[in-house]
Amino acid sequence: MANINILKLIRDKRDGRAHSIEELGWLIGNLDSLPDYQISAWLMAVVCRGMNVEETTELTRLMAVSGDVLDLSSVPGPRVDKHSTGGVGDKVTLVLAPLLAAAGVTVAKLSGRGLGHTGGTIDKLEAISGFRTSLSPEEFLEQLRQIGCAVAGQTGELAPADGRLYALRDVTGTVESIPLIAASVVSKKIAAGADVILLDVKVGQGAFMKSLEEAKALADVMLAVGERLGKRIICVVSDMEQPLGFNIGHANEVEEAILTLQGQGPEDLTDLCVELGALLLEGAGKVEDVASGRKKLAAIIESGAAIAKLREMILAQGGDPAVIENPKSMPQPKYRIPVQAKEAGFVTALDAFVVGGAGKILGAGRLVKGAPIDLAVGINLVKKVGDKVEVGEILGVLLANDEGQAKAAAAELLAAYRIANRPVEAQPTIKAVFTKSALLA
Ligand code: URA
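Every value quoted in this text rests on a predicted model; they were computed, and no experiment measured them.

Reading the values: rules and limits
Residues numbered from 1 in each chain as written. Predicted model: local features only at pLDDT ≥ 70, side-chain atom pairs only at ≥ 80, totals over all residues. Heavy atoms only, no water. Helix = DSSP H or I, 4+ residues; strand = E, 2+ residues; numbered from the N terminus. Rg over C-alpha atoms; globule rule 2.2 N^0.38 Å. Buried < 20%, exposed > 50% of the residue type's maximum accessible area, 1.4 Å probe, protein only. Contact = heavy atoms within 4.5 Å. Domains from an automatic or database assignment. Buried area = accessible area lost by both parts, 1.4 Å probe. Phe/Tyr/Trp six-rings, centres within 6.5 Å; stacked < 30°, edge-to-face > 60°. Lys NZ or Arg CZ within 6 Å of the ring centre and 35° of its normal. Pairing = 2+ DSSP bridges. Axes fitted to C-alpha atoms, helices over the stretch in contact; angles between N-to-C directions. Near = heavy atom within 4 Å. Polar contact = N/O pair within 3.5 Å; in protein donor to acceptor, adjacent residues only side chain to side chain. Areas by Shrake-Rupley, 256 points an atom, 1.4 Å probe, with all protein chains shown as cover. 1 Å grid on protein atoms, 1.4 Å probe; cavity = no way out; pocket = protein on both sides within 12 Å on 5 of 7 lines; lining within 4 Å. Sits in = over half its atoms within 2 Å of the grid points. Nonpolar A, V, L, I, M, F, W, Y, C, P; charged D, E, K, R; others polar.

1. Focus on the overall build of the protein
Here is step 1: Helix and strand content of the protein: 16 helices and 13 strands.
Here is step 2: Rg of the C-alpha trace for the protein: 21 Å, near the compact-globule value of 22 Å for 441 residues, within the 12% margin.
Here is step 3: Across its three principal axes, the protein shows a C-alpha extent of roughly 65 × 45 × 40 Å.
Here is step 4: Across the 441 residues that make up the protein, the buried fraction comes to 58%.
Here is step 5: For the protein, long-range pairs separated by at least 24 residues make up 78% of all intrachain contacts whose partners lie at least 6 apart in sequence.

Below you can see the structure in the form of structure tokens.
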């Protein structure tokens, strides 16, 4: 290890050389003492030059063991987990964790904060008054034993190396990298200790992976890393051309998740949650096939058991469950400003990245590491792809606390819409499902 140093690693990666196991071990072992600027330079070199499967697997393993690896053996099985690579309006975890727990599987979910233009589950949950997202491993396990689900942020003890890298990537333009995303996602999943893991790889304008090829490549790398590290992973590639559901923000996304658990959510969000849930139920051996899983989950929503489980989860994590009856008790914006269509026709595209950017202008995202975000602001979409629009009709409503920001966000939201004379065909939400890596074939 004598001649390993950060400058050499940055230069090696910049010039396209692969790191050895020892070098990666040194890097992750010394992460705490290295300055942000050198880690950031290394991250950028990885974005530009990539990593091979061996490096990605070792980086993942080292990040997973950089803190505690949760031992879920004291928790009733099967134990499942799900993770999205990040999108706009993606509140699937808020729905899926209670839904699956109500179906009899344990959901041990560690989530992140917003990253780049995408929102984070942990930030969203903090819109619920009193909700504690920081649980110790003991508290996390106890809650799983008691109610079958817990959603918490990664703490200093679980995959702390990812915590450090994730926060820096968010503010240095180094998110979009297959090996870095794969290592970040899979390391957290390994540290969280579940038996069956579903990874939802988002693809499209609002995702870090813009093309289906890139998304499939990321899915493949994550499956390969999972297989090499002995984890059962299912990868789904799902659409993120336009935002998921109608709400982008924090409090308003929690409200939409509540509606979905009550059977009144948007169709795209409901369908995706049921499909991912059914795949996990099948993977966990709880149902014979995915079709039976779908039926089971639809019945659980219908019976009220899913929303009841969310109530239990909010209570267990110190939140105010009255939010279910009164979602407007969460932070609300000063202004609700409609954005009207300037032309008539059909919405043929709604760029999720641009919508995410509009949300950021309103204060729903971070521009610098650790900055506070405004949980009240966001966007309530009214028109989505396929909808007919007349001039002057409302496309969406900005939830704002600052008029100047709202003006800039309105221009951005308008720019996100493409309106044409003819409608386009609706795209399926789920584009592909993989259970085996082609890389290891
Ligand atoms: N989600 C993660 O957990 N990490 C990433 O790098 C991207 C999305």
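2. Here's the deal with the domain arrangement of the protein
Here is step 1: By domain assignment, the protein separates into domain 1 (6-50), domain 2 (79-326 + 430-436) and domain 3 (332-420).
Here is step 2: If you average the C-alpha positions of domain 1 and of domain 2, the two centres end up 29 Å apart.
Here is step 3: At the interface, 14 residues of domain 1 touch 12 residues of domain 2.
Here is step 4: Between domain 1 and domain 2, a total of about 1,000 Å² is buried, with carbon and sulfur atoms accounting for 76% of that surface.
Here is step 5: Considering only the surface of domain 1 that becomes buried against domain 2, Leu31, Leu43 and Val47 emerge as the three largest contributors, covering 44% of it.

3. As for the packing of aromatic side chains
The description of an aromatic ring pair uses the distance of the two centres, along with the angle that the planes make with each other.
Here is step 1: Scanning the entire structure with this criterion turns up 0 aromatic pairs.
Here is step 2: Cation over ring: lysine 384 sits above phenylalanine 246, and NZ or CZ is 5.5 Å from the ring centre.

4. So, the pairing of strand 8 (residues 345-350)
Here is step 1: Within strand 8, 6 of the 6 residues are buried, which leaves it mostly tucked inside the rest of the structure.
Here is step 2: Two elements, strand 8 and strand 10 (residues 388-389), share 2 bridges in a ladder whose sense is antiparallel. Each bridged residue has a counterpart across the sheet, and for glycine 345 the counterpart in strand 10 is valine 389.
Here is step 3: The pairing of strand 8 with strand 12 (residues 417-420) spans 4 bridges and is classified as antiparallel. Paired with phenylalanine 346 across the bridge in strand 12 is alanine 420.

5. Side note on the sheet that holds strand 11 (residues 394-400)
Here is step 1: Ordered in space as 6-9-11-7, the 4 strands form an open sheet in which the pairing is antiparallel. Strand pairing shows two members of the sheet lacking a second neighbour, strand 6 (247-249) and strand 7 (335-340), which therefore form its edges. For this sheet, the mean inter-axis angle between neighbouring strands, taken without regard to orientation, is 15°.
Here is step 2: Here strand 6 runs beside strand 9 (residues 378-381); their pairing, made up of 3 bridges, is antiparallel. Paired with isoleucine 248 across the bridge in strand 9 is isoleucine 379.
Here is step 3: In the packing of helix 11 (residues 251-261) onto the sheet, the strands contacted are strand 6, strand 9 and strand 11, and the crossing angle to strand 6 comes to about 140°.
Here is step 4: Helix-sheet contacts for helix 15 (residues 352-362) involve strand 6, strand 9 and strand 11, and the interaxial angle to strand 9 is about 135°.

6. Overview of the site of the ligand
Here is step 1: Around the ligand lies a shell formed by His83, Ser84, Thr85, Leu115, Tyr166, Arg169, Ile181, Ser184, Val185 and Lys188.
Here is step 2: Arginine 169 places a side-chain nitrogen or oxygen 2.8 Å from an oxygen atom of the ligand.
Here is step 3: Within the complex, 98% of the 240 Å² of free accessible area of the ligand lies under protein.
Here is step 4: Its atoms largely coinciding with the cavity grid, the ligand occupies the largest cavity.
Here is step 5: Elements that contribute at least two residues to the shell around the ligand include exactly strand 1 (79-84), helix 8 (160-170) and helix 9 (178-192).
Here is step 6: Take the shell around the ligand: its biggest share by element is 4 residues, from helix 9.
Here is step 7: Of the residues in the shell around the ligand, the class split is 4 nonpolar, 4 polar and 2 charged.

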